[in-house]
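Listed below, chain by chain, are the residues.
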Amino acid sequence: MKQSLFAVAGLCLAAASVQSHAISCAGIPQWNSSTAYGGGSQVQEASKAYKANWWSQGHSPASYSGQWQEWALLGTCDGASSSAPSSVRSSSAPSSIAPPSSVKSSTAPSSIPSSHSASSVAPSSSSVGGNCASSQYVAGTAYSVGQLVKNAGNEYRCTVAGWCSSTAEWAYAPGTGAHWQMAWELVRSCGATSSSSAMPSSVASSSRSSVSSSVSSVGTGRYRIISGYWHNFNNGSGVIPLDQVSDAYDAINVSFAEPTGRAPGEIGFVLDPAFNMAAFKAAIKSKQAAGKKVIISIGGANGQVQLPTAAARANFVNSMKAIIDEYGFDGLDVDFEGHSLFLNSGDNDFRNPTTPVIVNLIGALQDLTNHYGDKFVLTMAPETFFVQLGYSFYGGTCSSCDTRAGAYLPVIYAMRDKLDWLQVQNYNSGAIMGTDNKYHYMGGADFHVAMIDMLLTGFKVAGTNLTFPALRQDQVLIGLPANVNAGGGFTSVADVQSAMNCLIKAQGCTTYQPAAAWSNLRGLMTWSINWDQFNNFEFSKNHRQYLDQLPTP
């Protein structure tokens, strides 16, 4: 799920320019299918160099280097034997360096949200200070990988030639562009400053609806919940028997049910051989007896699901009934990513969609919720691209933008009365414009405040005169990666709780002021339970304690 890249609108030109660029691959290791690569790691395969956008294992860079996938093509190897610059050296271990804890909002106009979640590394004290002899950056200049430039008082090294050479200064100007980290890395300050002040301002740290009487019941008795994803696979985080999931979690999303490939729309769930079937089913019952909701999640980063016809809809419904009945799941989580959802041109009214994959998904979810009744749990976990981006671009109305932009909005709207909670992935995201008409960047408190406030106030859908209505507070969770390996845009415990203080108590708000104090905000979601355990339960321990101290509505 949470390793899918934030899709970008119209990034083809930059991608094409990268592919034609030759770089030295000396010192860059060959890709190995058994190695776990952290975000920023670089490898070569079939005489081409690639950079990992986030954690990856087993996915060939040659096959998974699309705009919304985990590898980015750096260029074709030129056969040079010189040592590779430090900017293209690789690590075979998952990155232990967290991205900046927060990024300030920008008013730069951006129609191309970043699809990358590359970590940036603050310069060491030894690399800071002194004047820079490199030339001044000029947009549109042909720069090569490893070339140094200076801009806004700092020196930068080019990492992706196509983007470094772009004429879009607002996007890729080093240190000041909205998406400069996709193209450059900070080397040092051109003045005598300390490393802590050498970071450009664009990466400096910063920090009405009512509750329905029919709030979905989580039997733990806690109003504030933590929803977590449990891996039915080992991606380097380790595996956890379901009955050993921490009590801090109120909802457990079993990940994932995926298309079988046998028939359009047909979904299957195959338990990983690491687990015993009887023990797994017994663990589901045990967790449910303890008041937990155990939910089957459909899709994820690699499970593209499309329902283009009535037959596919019927296959989807029937196969999901079989899975839910066999395992006794409490409900389902819609985690459709990639190209699962899109809007046809002219499909401009989210209240009355016409695109078949949207219409059939809505029908399928209505079929399932009607079949199982009021106790059935329905949740959704879209990326920001499919929800909040709809304020800036809407796939059915915009020309030459990605038609998936905002494509979840019709589904959320149609199912709003049966939706238990929406847990948008506030990570692996590009810049998103908030209702303050400023761009916000993942990884800091203000990003979460702005994204959640949009859901709770509602927002105008781009290219229309329609307003997507606010969700109830009890229907909204903040989606977060559990640690730096889990996804781009990791947010520290302190910054998450700063965001919660701002949203719930209207305290400590900085650059973004929410429309109201959302005192009944429901809680948090994380990808994932496994990565949380890998990180010694930092996420669940700290946030469970914080949530339990909040008043119950």
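For the structure, check the block above.
Model, not experiment: these values are computed from the prediction.

Q: Residues and numbers for helix 6 (residues 356-372), please.
A: With 17 residues, helix 6 ought to run about 24 Å at 1.5 Å a step, and its terminal C-alpha atoms sit 24 Å apart, in line with that. Every buried residue of helix 6 is accounted for by Val357, Ile358, Asn360, Leu361, Ile362, Gly363, Ala364, Leu365, Leu368 and Thr369. One or two positions beyond helix 6, positive phi appears at glycine 373, with a value near 90°.

Q: Hey, could you go over the packing of helix 8 (residues 445-457) against helix 9 (residues 493-505) for me, with residue numbers and the actual values?
A: One can describe the packing of helix 8 onto helix 9 by two numbers: an axis separation of 8 Å at closest approach and a directional angle of 40°. Taken together, the axes of helix 8 and helix 9 lie oblique to each other. You can see that helix 8 and helix 9 cross each other, and the crossing is right-handed. Here Ala445, His448, Val449, Ile452 and Asp453 of helix 8 lie close against helix 9, whose contacting residues are Asp495, Ser498, Ala499, Cys502 and Leu503. Class assignment of the residues belonging to the contact of helix 8 with helix 9 gives a composition of six nonpolar, two polar and two charged.

Q: Provide a residue-level description of the state of the cysteines, including the pertinent values.
A: Tallying each qualifying case throughout the model produces five disulfides. Bridging cysteine 25 to cysteine 77, the disulfide has an S-S length of 1.9 Å. An S-S torsion of about -85° defines the bridge between cysteine 25 and cysteine 77 as left-handed. Of the two residues, cysteine 25 is situated in the loop between strand 1 (22-23) and strand 2 (42-45) and cysteine 77 in strand 4 (residues 71-77); the sequence distance between them amounts to 52 residues. Here cysteine 25 and cysteine 77 have matching classes, each one buried. Disulfide pairing places cysteine 158 opposite cysteine 164 at an S-S distance of 2.2 Å. Between cysteine 158 and cysteine 164, the S-S dihedral sits near 110°, and the bridge is therefore right-handed. Exposure remark for cysteine 158: the relative accessible area of 0% places this residue in the buried category. Relative accessible area serves as the criterion here: at 0%, cysteine 164 is assigned to the buried category.

Q: Help me get a handle on the packing of aromatic side chains, residues and values and all.
A: As enumerated under the stated definition, the model contains 22 aromatic pairs in all. Between phenylalanine 316 and phenylalanine 336, the aromatic rings sit 6.3 Å apart at their centres with planes inclined by 85°, giving edge-to-face as the arrangement. In this pair, phenylalanine 316 is assigned in helix 5 (residues 310-327) and phenylalanine 336 in strand 13 (residues 331-336), connecting sequence segments 20 residues apart. The same class applies to phenylalanine 316 and to phenylalanine 336, which are both buried. A network of ring pairs unites the aromatic residues Trp230, Phe269, Phe275, Phe280, Tyr327 and Phe329 as a single cluster. Taking the ring centre of tyrosine 327 as reference, the NZ or CZ of lysine 281 above it sits at 5.3 Å. Stacked on the ring of tyrosine 223, the Lys or Arg arginine 522 has its end atom at 5.0 Å from the ring centre.

Q: Help me get a handle on the sheet that holds strand 6 (residues 148-151), residues and values and all.
A: A sheet is described by the order of its strands in space; here four strands give the open sequence 5-6-7-8, paired in mixed fashion. One side of each edge strand has no neighbouring strand; the edge strands of this open sheet are strand 5 (135-136) and strand 8 (184-189). One ladder, built from two bridges, connects strand 5 with strand 6; its direction is parallel. Note on strand 6: the bridge partner recorded for serine 135 is valine 149.

Q: Mind laying out unusual backbone geometry, listing which residues take part and the relevant values?
A: Residue phenylalanine 256 follows serine 255 across a cis peptide bond; omega there is 5°. Mapping phenylalanine 256 onto the fold places it in strand 10 (residues 251-259). The omega torsion across tryptophan 527 and serine 528 is 10°, close enough to zero to call that bond cis. Backbone geometry at asparagine 437 places phi at a positive 60°, although glycine is not the residue there. With respect to the helices, strands and loops of the structure, asparagine 437 is situated in the loop between strand 16 (432-433) and strand 17 (439-440). Positive phi outside glycine occurs at alanine 506, with the angle close to 60°. Within the secondary structure layout, alanine 506 lies in the loop between helix 9 and strand 21 (523-527).

Conventions used here
Residues numbered from 1 in each chain as written. Predicted model: local features only at pLDDT ≥ 70, side-chain atom pairs only at ≥ 80, totals over all residues. Heavy atoms only, no water. Helix = DSSP H or I, 4+ residues; strand = E, 2+ residues; numbered from the N terminus. Expected span 1.5 Å × (residues − 1). Buried < 20%, exposed > 50% of the residue type's maximum accessible area, 1.4 Å probe, protein only. Axes fitted to C-alpha atoms, helices over the stretch in contact; angles between N-to-C directions. Parallel < 35°, antiparallel > 145°, perpendicular 65-115°, else oblique. Left-handed = near helix turned anticlockwise from the far one by under 90°. Contact = heavy atoms within 4.5 Å. Nonpolar A, V, L, I, M, F, W, Y, C, P; charged D, E, K, R; others polar. Disulfide = S-S within 2.5 Å. Phe/Tyr/Trp six-rings, centres within 6.5 Å; stacked < 30°, edge-to-face > 60°. Lys NZ or Arg CZ within 6 Å of the ring centre and 35° of its normal. Pairing = 2+ DSSP bridges.

Geometric descriptors of this kind do not, in isolation, establish any biological role.
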